[in-house]
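In case you want the letters, here they are:
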Amino acid sequence: MPEITGYAFPNDIHVHWSLMIVMYPYITGFVAGAFIVSALFHVFGREEFRPVARLAMATSLCFMAVATLPLNLHLGHPERSWLVMVTPNLSSAMAGFGMLYSTYLVILVLEVWFVWRQEIIQYARQSRGWKRAFYATLALGTYDTSPEAIAIDHRAATILAAIGLPGACMLHGYVGFIFGAIKANPWWSSPLMPVIFLLSAAVSGIALLSILYQVVAKLNRRAIEGRTVAALARWLWFFLILTMTLELLEIIMLAYEKSESWHIISQLLTTRLEFSFITMQMVVGGLIPLILLGVVVLMDRYLHDRVRNSLCVASAFLLLLQVFSMRWNIVIGGQLLSKSFRGLRSPYSPEIFDREGILVAIGLLIGPFLLLWIFNRILPIFGDDAHAPAHHGDSTKAPAAEVAAG
Amino acid sequence: MEHARHVFRVALVLLVVIAAVFLGRGFLVPRSYGTFGPYRADNVAEQMKARPPAHAGAASCTPCHKAKAEARAAGSHKSVSCEVCHAPLLRHVADGKVTGSMPIDKSFTLCARCHRRIQGRPEKFPQVVLEQHVTSKLEGAVCLECHDPHSPKL
Amino acid sequence: MDHPHSPPTPGPSAPPAADAADPGRRDFLGAALTLAGGAAVLLAGAEAAASTEAHVPPPGGDAYNWEEHRWAYVIDTSKCIGCGSCVRGCKAENDVPDGFVRTWVERYIAGPGGSYVDSPKGGLDGFPPVPTAFTPTKAFFVPKMCNHCKETPCVQVCPVGASYRTKDGVVMVDGKSCIGCGYCVQACPYGSRFLNPQTHTAEKCTWCYHRITKGLKPACVEVCPTGTRAFGDMLREDDPVRQTIDHERVSILQAHLLTEPQCFYLHLDMEVR
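Read on for a plain summary of the structure. The shown structure was predicted, so the numbers you read here are calculated from the model rather than taken from an experiment. (Residues numbered from 1 in each chain as written. Chains lettered and ligands numbered in written order. Predicted model: local features only at pLDDT ≥ 70, side-chain atom pairs only at ≥ 80, totals over all residues. Heavy atoms only, no water.)

1. Remarks on the packing of aromatic side chains
Stage number 1. Counted by the stated rule, this structure contains 35 aromatic pairs over all chains.
Stage number 2. Measuring from ring centre to ring centre gives 5.0 Å for F30(A) and F63(A), while their planes differ by 45°; the resulting arrangement is tilted. Highlighted residues: F30(A) in helix α1 (residues 19-42) and F63(A) in helix α2 (residues 50-66), separated in sequence by 33 residues.
Stage number 3. By relative accessible area, F30(A) is classed as buried at 3%.
Stage number 4. Seen in terms of ring centroids, W71(C) and F231(C) are 5.1 Å apart; in terms of plane orientation they differ by 20°. Their pairing is stacked. You can see W71(C) sitting in strand β1 (residues 71-76) and its partner F231(C) sitting in strand β9 (residues 229-233), a full 160 residues away along the chain. Both residues of the pair, W71(C) and F231(C), count as buried.
Stage number 5. A network of ring pairs unites the aromatic residues Y26(A), F30(A), F63(A), F324(A), W328(A), Y348(A) and F369(A) as a single cluster. (Phe/Tyr/Trp six-rings, centres within 6.5 Å; stacked < 30°, edge-to-face > 60°. Helix = DSSP H or I, 4+ residues; strand = E, 2+ residues; numbered from the N terminus. Buried < 20%, exposed > 50% of the residue type's maximum accessible area, 1.4 Å probe, protein only.)

Dropping the structure here:
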């Protein structure tokens, strides 16, 4: 192979898709992943996820609320972003954002409404003044708390969760398609891209909830259910194995086929992305959590509760870093290689105070947790566990009694 | 179905919102959108009128600069448009009236752009190693000491 | 015997006489019907508007009819001297911002021991002599610009329809609709597009649409001193560009991507991507 001296097309020297475009799939990954956890209870009836189901749903909603911000902050003309809804070019995956986001938002809001409806009615009855007006509006003026109505609520929540699951998957999968369908960029162009993104989203969502569940439980002085932690760890390990397999498979295929692009991609991975790919994504974020979670899952019965919980939190934290690195490596990495295939651009480092900078990114990560806190103040997440909808529309419980006790 | 009243309520709210969105969309779609395809058709005419053409071609210089034009046409720069070394006509003339003097860079860097010997130029093209070609110091308008830019071959 | 006023069989569902106590359903049906009616009116209006499409004249009025032209471009790389006049001419003609180019020239220096490619500022100030680590045996220049592909990857991915291809074969960006997302910049395999740092919209070579619709040539063709660049009309039988494309051995860039570019090259080399 002749020696290559770096050459990039003159217009290729700018990294247009910045940190914000790394944040966007990271955030929608949480949206999708959290919803998957919630659906594991609401759709698939896994009882061990009951304690975390409402928290997962609320988390999904709070991250949804900020999901459009990184995109709008990145656009050259955010004031025209409504054109994506009004004149969408249907051949563009990015245009799908408008429909997918709105549809999934509606499904999620509806599901939250059905799941929390009893509390809304309860607060509407108990409070006074503007609070009462607020809850009354939320309740849409119906105060039906009969067992039949509750059964309908449960069924509606189940149906919405079942529809919402592909909705959440598409909301994140289409992001993978945005990258995967670009034949101009060999690091992105791959049919595996939407699948990797989605599995990675599941990893990030479950990891986030693993940490959030334990933190919130500690803050509320509730017991941490060992079963829940173990189940989260199991599913996290499962999705991690799938994700890493596919990520590695992509590299192995490229290296084996030695197509035109492998020469420059291997340079990219070993020079510009050495830290973020090899160190963070594969070793620190991949191999180590793989081992730690393997211990948690395979040696579950020998582990003391505290050890299991700590290992889980540690792995989950590393995985949050891994998923971020993966997004970074794909978004930024793909732009570091020039379409000339003869050179790499200089490394990209985001500004601190820029509109698309580090402080804004940190704000985008903190924001949803603030929203979650506000959400909890309006609609308590750990209200009464008996209210969490039982699977199969089991209405033999007497929720009316629990309403008084809540 | 009495107990499903709240379901109908929320479905109604949803339908109202969807209807409002579609109605709103009808007002927001640009007028000429979709005429020829999924784009704003008015833009084609806008692009045609986007700016007045800045370059006008060598023939546009002849009416006022006959002598130089004839010298150029007879010399080895006959395929080099005036606007290559000078500037587009619009910098100098607009609406038939002179608006400013025509810029010219008389330094050797302008000539060097075409005639300095570098890898890549066809062999038959006249190019020199400037440091060897110029006997005095390579600075300023040194090329013009020997060459007439409008008919440069000696 | 049927009694019209006999009470219906009691059952779990609410009796019809109790409709007044079930306003939810009635409201819903009423609203649904109103909305359906409104939607029907809207659609009818849209139909009426769309049916006038057949009578819409081509843009440009009488002076220019885009149906009569299919523009194409030919570049003979054996003639290019790398002077960069095209890059400067384009910049002057189109107010191209600093740091970006709508057309550019690349220099390739190759030998058995390696290859070297450069394009300092896109060739704006010409090319300096450059030493290479290997012994070069061939060198040449390749001018490039937007290829105005028939199967554009860029138009395909624009989310708002700001990027489009005209009937005469020119791909352009509607600066008023562009939201500056940069997807088209990522999708172009040739690196022709960029985001203008002042207007924050996507921009690229337009084959000087404001010139060619007036019978002029693009600025780059106008100023090229060696006849490297040629612009022509594929619908005119005697057009020299059409003759070249029809009869000479031409190549296109990145043919494997099947974008069907309309910039055709003569004497390209395997080093060129």
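Having seen it, we continue.
2. Structural notes on the nonpolar core
Stage number 1. With 148 residues, the main nonpolar core has L55(A), F179(A) and W187(A) as its most contacted residues.
Stage number 2. Sort the elements by how many residues they give to this core and α1(A) lands first, with 18 residues.
Stage number 3. By size, the runner-up hydrophobic cluster in this structure holds 43 residues, among which are Y7(A), C80(C), V101(C) and Y164(C). (Core = buried A, V, L, I, M, F, W, Y, C linked by side-chain atoms within 4.5 Å.)

3. Overview of the sheet that holds β9(C)
Sheet strands line up and pair through hydrogen bonds in the backbone, either parallel or antiparallel.
Residues and elements named next belong to chain C.
Stage number 1. Here we have 3 strands laid out as an open sheet, ordered β9-β1-β10, and mixed in their pairing. Edge positions in the sheet fall to β9 and β10 (263-266), since each of these pairs with one other strand and no more. Shown here is a sheet whose adjacent strand axes are inclined to one another by a mean of 25°, direction ignored.
Stage number 2. Bridge count between β1 and β10: 4 bridges; the pairing is parallel. (Pairing = 2+ DSSP bridges. Axes fitted to C-alpha atoms, helices over the stretch in contact; angles between N-to-C directions.)

4. Points about the interface of chain A and chain B
Stage number 1. Counting residues at the interface gives 20 residues for chain A and 16 residues for chain B.
Stage number 2. For the pair chain A and chain B, the summed buried surface comes to about 1,500 Å²; carbon and sulfur atoms form 73% of the total.
Stage number 3. Summed over the shared surface of chain A and chain B, the number is 0 salt bridges.
Stage number 4. Between the two partners, chain A and chain B, sit 3 residue pairs in polar contact (both at pLDDT 80 or more).
Stage number 5. Elements that contribute at least two residues to the side of chain A that touches chain B include exactly α4 (83-86), α5 (96-126) and α7 (147-180) of chain A.
Stage number 6. Here the side of chain A that touches chain B takes 5 residues from α5(A), the largest share from any one element.
Stage number 7. A breakdown of the residues in the side of chain A that touches chain B according to their chemical character gives 11 nonpolar, 5 polar and 4 charged. (Contact = heavy atoms within 4.5 Å. Buried area = accessible area lost by both parts, 1.4 Å probe. Salt bridge = Lys/Arg side-chain N within 4 Å of Asp/Glu carboxyl O. Polar contact = N/O pair within 3.5 Å; in protein donor to acceptor, adjacent residues only side chain to side chain. Nonpolar A, V, L, I, M, F, W, Y, C, P; charged D, E, K, R; others polar.)

5. With respect to the packing of α1(A) against α7(A)
Residues and elements named next belong to chain A.
Stage number 1. Remark: α1 packs on α7, axes separated minimally by 9 Å, with the N-to-C direction vectors making an angle of 155°. Relative to α7, the element α1 lies roughly antiparallel. Pair α1 / α7 crosses with left-handed handedness. When α1 is examined against α7, the residues I21, Y24, P25, T28, G29, V31, A32, F35, I36, A39 and H42 are found in contact with a partner set consisting of T158, L160, A161, G164, L165, A168, L171, H172, Y174, V175 and F179.
Stage number 2. Broken down by class, the residue content of the contact of α1 with α7 amounts to 16 nonpolar, 6 polar and no charged. (Parallel < 35°, antiparallel > 145°, perpendicular 65-115°, else oblique. Left-handed = near helix turned anticlockwise from the far one by under 90°.)

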